[in-house]
Amino acid sequence: MSRSPSLAAAQQALLQALYLPRQTDAMKCIAAHAQGAGAGGQNRLERGLQAYRSNGQTLAPRVLAAAYPVVAQLMGAENFDALSRHFWQSHAPDCGDLAQWGGEFAAFLAALQDLVGEEPYLPDVARVEWALHASATAADGQADMASFALLESHEPSTFTLLLSAGAAGVASRFPVVSIAQAHLTGEPSLQQAGERLRGQVQEAALVWRQGLKPSLRHAQPGELLFIAALQEKRSLAAALAAAPAFDFNPWLVPAVQTGLLLGARAL
């Protein structure tokens, strides 16, 4: 059943009002749709709107901290909470599942010149964390061990390789893997991660789903290019040509054992 134009307009106004910075502006936004409520109804509407807005302001830091625990630690609770509320207002959720909200946070951080100037690695750390978060809810993949026979029986130009759901890479000019792992697992230590940051060590992160657990490690030379080509459904031969620095033979068995590589498929 379709909504009436008046109902759709009222709902749109309410959504807009929920994310405006000031309560007075929020009330102005829905004033035209509240004219028939009377004085008592107007007061109830204002209190209800304030409750919804306050709930959103409270939820925002908790939801974002679940997806970005490392960025939250790096920024400190007070700064992260304030930035989360700002993000909530400027990037309103577009679906009911708040676990899916926050994918634009890295770009949001990158646009904050004052913050990026002092801690320029934060956006890339956020990209790694969102890849981990997205991988946790990616579709389950089933390994097909028999399909690997294609590697021996067919030319590399005639088949492609199938990767774990949620596989993603982040290339950075900062030691993002070390920074993330230092906070998430303690290995390397925070001191070692800091030394790599001061030493301007560049790292590329590889994220994938291993069973039910998101995994993170350093990407091998050329590995991100190789994986990107496979994700474009290109043949094994084309993927190898796209990543000349990538060493495929020592990669193959560990990739299968860790669940990164699930199988092969003829093109």
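In what follows, the accompanying structure is described. (Residues numbered from 1 in each chain as written. Predicted model: local features only at pLDDT ≥ 70, side-chain atom pairs only at ≥ 80, totals over all residues. Heavy atoms only, no water.)

Turning next to the pattern of salt bridges. A complete count under the given rule lists 3 salt bridges for this structure. When the shortest N-O distance is used, the salt bridge between Arg217 and Glu223 registers 2.6 Å. For Arg217, a relative accessible area of 23% gives the class partly exposed. A residue is classified by how much of its surface remains accessible, and Glu223, at 0% relative accessible area, is buried. Between Arg234 and Glu232 there is a salt bridge, with the nearest N and O atoms lying 3.4 Å from each other. A residue is classified by how much of its surface remains accessible, and Glu232, at 52% relative accessible area, is exposed. (Salt bridge = Lys/Arg side-chain N within 4 Å of Asp/Glu carboxyl O. Buried < 20%, exposed > 50% of the residue type's maximum accessible area, 1.4 Å probe, protein only.)

Attention now moves to the sheet that holds strand S3 (residues 204-210). Strand order in this open sheet of 3 strands is S2-S3-S4, and the pairing throughout is antiparallel. Across the chains shown, the open sheet's two edge strands, defined by having one partner strand only, are strand S2 (168-171) and strand S4 (213-218). Recorded for the sheet is a direction-independent mean angle of 20° between the axes of neighbouring strands. The pairing of S2 with S3 spans 4 bridges and is classified as antiparallel. Pairing of Ala171 across the sheet is with Ala204, part of S3. Docked against the sheet, helix H8 (residues 122-136) engages S2, S3 and S4, running at close to 15° with respect to S3. The strands that helix H12 (residues 223-231) touches are S2, S3 and S4; relative to S3, the one it contacts most, it runs at about 45°. (Pairing = 2+ DSSP bridges. Helix = DSSP H or I, 4+ residues; strand = E, 2+ residues; numbered from the N terminus. Axes fitted to C-alpha atoms, helices over the stretch in contact; angles between N-to-C directions. Contact = heavy atoms within 4.5 Å.)

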